[in-house]
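Per-entry structural report
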Amino acid sequence: MTGMNENPLDLLPEVLLAASAVLGLLLGAWLPRRRQWLTGALAGTACTVGIVAAAIAAAKPVETVFGESFALDTLTATSRIVILGATLLVLALAMPRLYGDPRETEFYVLLQLSSAGALMLAGAQDLLLLAAGYLLAGVPAYALAGFRKDGPGTEAALKFYVVGALLGVLMLAGITVLLAAGRVTAYPMLRTELAEAPAGLVAVGTLALLAGVLFKAGGVPGHFWVPDAVQGSSAPVAAFLTTIPKIGALAAFYRLAVVPLADADLPWADLVAVLSVASMTLGNLAAFFQQDVKRLLAYSTISQVGYLLLPVAVAGRTDLDQEALLYYLAGYALTNLGAFAVVCALPEAHTIDDYRGLARTHPALLASLVVCLLGLVGTPPTAVFLGKLEAFSAAFDGGYAWLAVVAAVNTVASLFYYLRWIAPAFLARGPADDPGATSRSAALVAYGAATASVVLGVLGGTVLDMLGGPLAR
Amino acid sequence: MLTAIVLLPTAMAALLLCVPRSAPRRLFLTAWVATAAADLVLTVIVWAGYEHGGGMQYETQARWIPSAGISYHVGVDGLSLPLVAVTCVLFLACAAYAWRQTRRPREFAALFLFLQTTCLGLFVALDLILFFVFFDLSIVAMYFIIAGWGHKGASRAALKFFLYTFIGSLALLLGFIGLYLAAEPHTFDIVELTSANPLAGRTTYGALVLLAVAVGLAVKTPTVPFHTWLPPAHTDAPAAGSAILAGVLLKMGTYGFLRIAMPVLPDAWRDYALVFVVIGVVSVLYGALVALAQTDFKRMVAYTSVNHMGYIILAIGAAGAVGTGQDEARRLAVTGSVFQMVSHGLLTGALFLLSGVLYERGRTYEMSAYSGVAGRAPVFAALTGVAAFASLGLPGFSGFIAEFQILTGSLGPEPVATGLAVLGILLTAGLFLRALQQVFLGPLRLPVAAPGADRPFPDIRLHEGLAIVPLLALGVVLGLAPRFVLDVIEPASRIVLELLAR
C-alpha cells in the first residue's frame, strides 16, 4: 500500500458531485428565491462534467485507489456514467416543478449527495466504504422521500427510514462478522481470507451484509419500503428512488460476488437465484391489480431487480455476466426513468383510469409510455430486450437455465399489468377525460428517454463491446 | 433491395404520423394503398430477378451487435420468396378493402404499414434475433389493431392473443438462446447455425431446444392444443386484421418450422417427427370438427385455419421420417406445405374479407340470421362460393394443389395418419356447403337492422371487389398453373430435406 494511488483526481466524478452539493448549499443561502435554480444548474453541470470525466477515466487501465478501497474499472466507469446520466434526467424532471420553491436548493443538494452515495457503492472495494456509501446514499434519500411534508410523504419517509435503519444496522453487523471471519475489510484480501474462514461465520456475515445491499436495490426481502415510499413521494423523487440507488447497489452486489466472496464456501449462485426468483415473482404478482400508477411502477421495479440479479447469480461462471448486468442497468435506468417521466408529465393523473383516452389528448406521450412499458417487458428493439437477452444467455451459460425459464415466465406475467395500463390509455372511446395539465419539460424528457431506449437497443453492439473490460481485484 | 421492401412501409407510417390528424381521410388511405402497391412492385422485381435453384439470394449482412453474435442478415430463397409475395398481395388487398375506413384512419393505416414491415422482415430474416424482433413486433402491432378497431369484446380477445403469443415468443427466445450457446463460436446467424448443426449428437439438449422452439412456433401457427387464442382474436378483430392474422401471421409459425427447426435441429426433428405428425392430424380433425359446430361464420372460418395449418404440420412431420426410402414423397410433402401457406394466405384472406362484408351489411356473423342472400347480392354470393370451394380444396384452385401434394407426399411415410387427415377434407366440404346453403339459399331473410347497419343488403362495392377478386383470381391461377411458384419452392424444399438427412 503505497501513497502513489491517492490522487483525488481519480475520484473526480464523486468529488465534483460532493463539491457542487456543498457549494450549492452555500450559494443557496445567499441567492434570492427566484435565482435558486442556479444551484440546480450547478448540479447539472457537475453531472455533465462528471460523465465526461468518467468517460475519460474509463479509457485508463484498471487500478485501485485510496488504499485499495475504491476500484477504477469498467464496472465503476459504467455505473458512474449511468448514475450521473440518470441524475441529470431526474434534475430535468424536478427543476421546473421546484422553480421558486422555498426549499429548492435543499432538494438539489440532497439529490446530489444521495447520487454521490450511489457512486461510492458502485466503486467501493472495501466493506467499510460500502457501509459509508450505504449511509450517504440513504440518509439524503429519506429526506427526499418526505420532501413534500404532506401525509403520504411523511409516511413514505418514515417507512423508508425505519426499514433502512434496521437493515443498515444488520448490514453493519454483517460487516463486523465478516471482519471477524476474514480479519480485513478490503475485498482483495478478503477473497483469500474468507476461503479459509469458517463457513458458518461467512454465511451469517454475508446474509446480513446482503440485507443492506438488497434494501438499496429494492429487491426481496429488502423491498418493503418500495411501494409506499414511491407512492408517497413526489414523482421525480419516486423516479430517483427506483433508479439511482439500485444502480449503485447492483454494481456493489456484483463486485461482492466476483471479488471477496468468489472463493468462499457459500452456495452463492443458488442463494442469489432464490432472491432473484422471489423478487421477480413477488414484484409481478403484487403489481397485478394496482390502480395507482406510481405503485404499479414501484412493484415493477421490484420485479426488474429480479431480472437484474440473473447475471449476479452466475457471476464468474460465464463470460457474459458483466456485460449483461451493465447493459441491462443502463437500459433499465433509461426505460424506467422514461416511464416515470410520463407520470411526471401528467401531474394530475394518478390512477390507471386517469390515463384513459390518452391517445386522443397526448398521442406522443402515450407513444413514449408504450415504448417504455413494453421496453420494461423486454419487447425488441428496446434496450431492455437486449439486456434481458444477455441476462438470459448469461444464466443459461452459467448453468442456470431454469432461472432463465422462470424469468421468461415472469416476463409474460408482467405483460398483464403493463397492458392493463396501456390498453385503456390507447382504447378508451367517446369523449376522452382530460388528464389535466401537462408539464412540457417532463414530456420532453419522456420523449427523449423513450427514443434513447430504442436507440440504445438498436446500437447495442457498440455499447456492449465497451462493457466487457476486466475487473479490479 | 430487401431492406427497402421491408422498411418502406414503416417509413411511410412514420411520415403519416407526422401529418396532422385533421388532414383529409383520403390522404392517409391513398398513401397506404400507394405504399402497399409500391412494395408489391418491388417484390415482383425481386421475383423477376430470382434465379431458380440458386439458394439464398439478395443477401445483405451488416454488423449489428457483433459481441452478442447478432447481425442484420436478410435474404430470400424458395421458402421465403413466395411468402414475401403473398404478404405484399394481402396487405395491398387489405389497404384497398379499408378504403371506407372512417375510425381513426391515420393510425389504422400507420399500424398496418408497420405490421407489413414486421411480416416481411420476419420472412427475410436470416438471424434468429432479427427473426425474433419482427416476430414480437408483429404481436405488438396486431394487438393494437385488434384492440383498437375490433368489435365488442376486442380488448379481451386482444389481451388473450397478446399473452398467448408472447408466451410462445419467450419460449422461442429461450430456444434461440439454447442454439446460440450451443454453437461455437456463439452466433445467432441462421445460415451459420444451419451449416454448423450445433446440436448434432446431443440428444437431451437438442430435444429441449426443439421443445422450446416448437412450443413458440406452435402457439403462433396455431396447432391444437395451443389454438385457443385464435377464435376470439379472429372473431373480434376488424376484417382486414383477421385477413392479415390468418393470411400472414399464422404462416410465421409454419415458416419458422421450415426455416429454423428442421434445418438447424435435424437430429431432434427426426427423433420427434412422429409427435408433429400426431399434432398435425389432431389439428386437422379437431379444427374441422369444431368448425362444423360453429354458428358464427367468422368463427367457423377461424377454425378452418386450425384445420389447414394442421395439414402443414402433418406434412413437415412426415418429412422427418427419414430412411423410409420415400425421398420423392417427402419432397412433395414439404413443397406442398409451402404451397399450402401461400394458398391458405390468399383464400383465407379472401374469406375473412368476405365475412367483413357480411358484417358490415348485417352487423352480425350469426349464420342463422341470414338466408337467401344470393338473391340480393349475387356477386357477393358468387365470390363467397368461389372462396369456400377453393378453401375446401376443389380441383382447379390452389388449395387442391397444396392438399394433394401434402396428402400424396405424407401417405407413403405416414399412411395411417394421412388416411385420417383425408377425413378433414370431407368435414370442411360439409361445413362450407352447409354455411353456403344457410346464408345464401332459401327465402330472403336479413337480420333486424342493428345501429350502423346498411340496409337493404347492397352487393359488393368497388373497393371490396378490388380487394377480394384479385385474391381469388390468384387462387385460381395458382390452381391452374402452379408451375411458376412450384419452380421456386422445389429446389428449396430439396435443400431442407438434405439438411434434415444429415
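Residues numbered from 1 in each chain as written. Chains lettered and ligands numbered in written order. Predicted model: local features only at pLDDT ≥ 70, side-chain atom pairs only at ≥ 80, totals over all residues. Heavy atoms only, no water.

1. Overview of the overall build of chain A
Per the secondary structure count, chain A includes 19 helices and two strands. Judged by the C-alpha coordinates and their principal axes, chain A covers about 70 × 55 × 40 Å. Within chain A, counting contacts between residues at least 6 apart in sequence, those at least 24 apart form 81% of the total. Side chains of chain A carry 25 positive and 30 negative charges; the gap between the two charge centres is 10 Å. (Helix = DSSP H or I, 4+ residues; strand = E, 2+ residues; numbered from the N terminus. Contact = heavy atoms within 4.5 Å. Lys, Arg positive; Asp, Glu negative; His and termini not counted. Charge placed at Lys NZ, Arg CZ, Asp CG, Glu CD.)

2. Focus on the overall build of chain B
Across its full length, chain B carries 19 helices and two strands. The C-alpha radius of gyration of chain B comes to 22 Å, within 12% of the 23 Å expected for a compact globule of 502 residues. Projecting the C-alpha coordinates of chain B onto the three principal axes gives extents of approximately 65 × 55 × 40 Å. Within chain B, buried positions represent 66% of all 502 residues. Taking the contacts inside chain B whose residues are at least 6 apart along the sequence as the reference set, 82% of them involve residues at least 24 apart. Working note: accessible area of chain B is about 15800 Å², and carbon and sulfur atoms make up 68% of it. Across chain B, the 30 positively charged side chains and the 26 negatively charged ones have centroids separated by 13 Å. (Rg over C-alpha atoms; globule rule 2.2 N^0.38 Å. Buried < 20%, exposed > 50% of the residue type's maximum accessible area, 1.4 Å probe, protein only. Areas by Shrake-Rupley, 256 points an atom, 1.4 Å probe, with all protein chains shown as cover.)

3. Topic: the pairing of strand β2 (residues 70–76) of chain B
Residues and elements named next belong to chain B. Where burial is concerned, most of β2 is hidden: six out of the seven residues are buried. Looking at chain direction, strand β1 (residues 57–65) and β2 are connected through six bridges and run antiparallel. Each bridged residue has a counterpart across the sheet, and for Arg 63 the counterpart in β2 is Ser 71. Between the end of β1 and the start of β2, which pair antiparallel, lie four residues, with Gly 69 showing a positive phi angle near 70°. (Pairing = 2+ DSSP bridges.)

4. Some points on the layout of surface pockets
To find the voids left in a structure, one rolls a probe of water-molecule size over its atoms. Each pocket or cavity is described by its volume, and for the largest pocket that value is around 1700 Å³. Every residue lining the largest pocket is counted, 46 residues in all, and those nearest its centre are Ala 367 and Val 371 of chain A together with Thr 10, Leu 17 and Phe 114 of chain B. Listed by contribution, the elements that provide at least two residues to the lining of the largest pocket are α14 (358–361), α15 (363–377) and α18 (440–458) of chain A together with α1 (2–18), α4 (105–124) and α5 (128–149) of chain B. With nine residues, α15 of chain A is the single largest residue contributor to the lining of the largest pocket. Its residues placed into classes, the lining of the largest pocket shows 33 nonpolar, eight polar and five charged. Considered as a void within the structure, the second largest pocket measures approximately 810 Å³ in volume. Within the residue set of the lining of the second largest pocket, elements represented by two or more residues are α1 (12–30), α2 (37–58), α3 (74–98), α13 (321–345), α18 and α19 (460–466) of chain A. Looking at the lining of the second largest pocket, the element that brings in the most residues is α3 of chain A, giving ten residues. Among the residues forming the lining of the second largest pocket, the class breakdown is 30 nonpolar, five polar and five charged. (1 Å grid on protein atoms, 1.4 Å probe; cavity = no way out; pocket = protein on both sides within 12 Å on 5 of 7 lines; lining within 4 Å. Points joined across faces, edges and corners; volume = space filled by probe spheres on them. Nonpolar A, V, L, I, M, F, W, Y, C, P; charged D, E, K, R; others polar.)

5. Topic: the packing of aromatic side chains
Scanning the entire structure with this criterion turns up 37 aromatic pairs over all chains. Between Phe 288 of chain A and Phe 416 of chain A the ring centres are 5.1 Å apart and the planes differ by 55°, which places this aromatic pair in the tilted class. Here Phe 416 of chain A lies in helix α17 (residues 401–427) and Phe 288 of chain A lies in the loop between α11 (268–287) and α12 (293–313), a separation of 128 residues in the sequence. Among the aromatic side chains, those forming a connected cluster through ring pairs are Tyr 134, Tyr 142, Phe 160, Tyr 161, Phe 215 and Trp 225 of chain A. Its end group placed over the ring of Trp 149 of chain B, Arg 104 of chain B keeps NZ or CZ at 5.1 Å from the ring centre. Directly above the aromatic system of Phe 135 of chain B lies the positively charged group of Lys 220 of chain B, at a separation of 4.7 Å from the ring centroid. (Phe/Tyr/Trp six-rings, centres within 6.5 Å; stacked < 30°, edge-to-face > 60°. Lys NZ or Arg CZ within 6 Å of the ring centre and 35° of its normal.)

6. Some remarks on the interface of chain A and chain B
Tallying the contact residues gives 38 residues for chain A and 35 residues for chain B. Across the chain A/chain B interface, buried area totals approximately 3000 Å², and carbon plus sulfur atoms make up 77% of it. Where chain A touches chain B, the interface holds zero salt bridges. Only α14, α15, α16 (383–397), α17, α18 and α19 of chain A provide two or more residues apiece to the side of chain A that touches chain B. Considering each element in turn, the side of chain A that touches chain B owes the most residues, twelve residues, to α17 of chain A. For the side of chain A that touches chain B, the class distribution of residues is 26 nonpolar, seven polar and five charged. (Buried area = accessible area lost by both parts, 1.4 Å probe. Salt bridge = Lys/Arg side-chain N within 4 Å of Asp/Glu carboxyl O.)

7. Things to note about the nonpolar core
Counting residues in hydrophobic clusters, the biggest one holds 367 residues, and the most contacted among them are Leu 130, Phe 253, Tyr 355 and Trp 421 of chain A together with Ile 244, Leu 249 and Phe 380 of chain B. Element by element, the count of residues in this core is highest for α5 of chain B, at 19 residues. Apart from residues no more than four positions distant in its own chain, Leu 249 of chain B is found in contact with Leu 115, Cys 119, Ser 138, Met 142, Phe 161, Lys 220 and Ile 244 of chain B. By size, the runner-up hydrophobic cluster in this structure holds twelve residues, among which are Val 277, Val 281, Leu 285 and Ile 406 of chain B. (Core = buried A, V, L, I, M, F, W, Y, C linked by side-chain atoms within 4.5 Å.)

8. Quick word on the environment of Leu 88 of chain A
All names here are of chain A. Within the secondary structure, Leu 88 sits in helix α3. Leu 88 sits in the partly exposed class, given a relative accessible area of 27%. When the C-alpha positions of Leu 88 and Gly 40 are compared, they lie 10.0 Å apart, and in sequence the two are 48 residues distant. Ignoring any residue separated from it by four or fewer positions in sequence, one finds Leu 88 in contact with Gly 44, Cys 47, Thr 48 and Ile 51.

9. Structural notes on the packing of α15 of chain A against α18 of chain A
Residues and elements named next belong to chain A. At their nearest, the axes of α15 and α18 sit 9 Å apart, and the two run at 40° to each other. Considered as vectors, α15 and α18 are oriented oblique to each other. For the pair α15 and α18, the sense of crossing is left-handed. Residues Ala 364, Leu 365, Ser 368, Val 371 and Cys 372 of α15 touch α18, and the partners they reach there are Ala 443, Ala 446, Tyr 447, Ala 450, Ser 453 and Val 454. Among the residues forming the contact of α15 with α18, the class breakdown is nine nonpolar, two polar and no charged. (Axes fitted to C-alpha atoms, helices over the stretch in contact; angles between N-to-C directions. Parallel < 35°, antiparallel > 145°, perpendicular 65-115°, else oblique. Left-handed = near helix turned anticlockwise from the far one by under 90°.)

10. Brief notes about the side chain of Asp 296 of chain B
Residue and element names in this part refer to chain B. Counting through the fold element by element, Asp 296 comes out in the loop between α11 (266–292) and α12 (297–318). Polar contacts involving the side chain of Asp 296 include one to the main-chain amide nitrogen of Arg 299, which spans 3.0 Å. Apart from residues no more than four positions distant in its own chain, Asp 296 is found in contact with Thr 235, Tyr 365, Glu 366 and Met 367. (Polar contact = N/O pair within 3.5 Å; in protein donor to acceptor, adjacent residues only side chain to side chain.)

11. What to know about the pattern of salt bridges
Summed over all chains, the structure comprises 20 salt bridges over all chains. The partner of Asp 150 of chain A in a salt bridge is Arg 148 of chain A, with the nearest N and O atoms 3.4 Å apart. The class for Arg 148 of chain A is partly exposed, based on a relative accessible area of 40%. Connected through salt bridges with shared partners, the residues Glu 360, Arg 361, Arg 461 and Glu 464 of chain B form a single ionic network.

12. Considering the confidence of the model for chain B
Scored by pLDDT, chain B comes out at a mean of 90, with 98% of its residues at no less than 70. Here the complex is predicted with pTM 0.90, and the ipTM for its interfaces comes to 0.85. (pLDDT = per-residue confidence, 0-100.)

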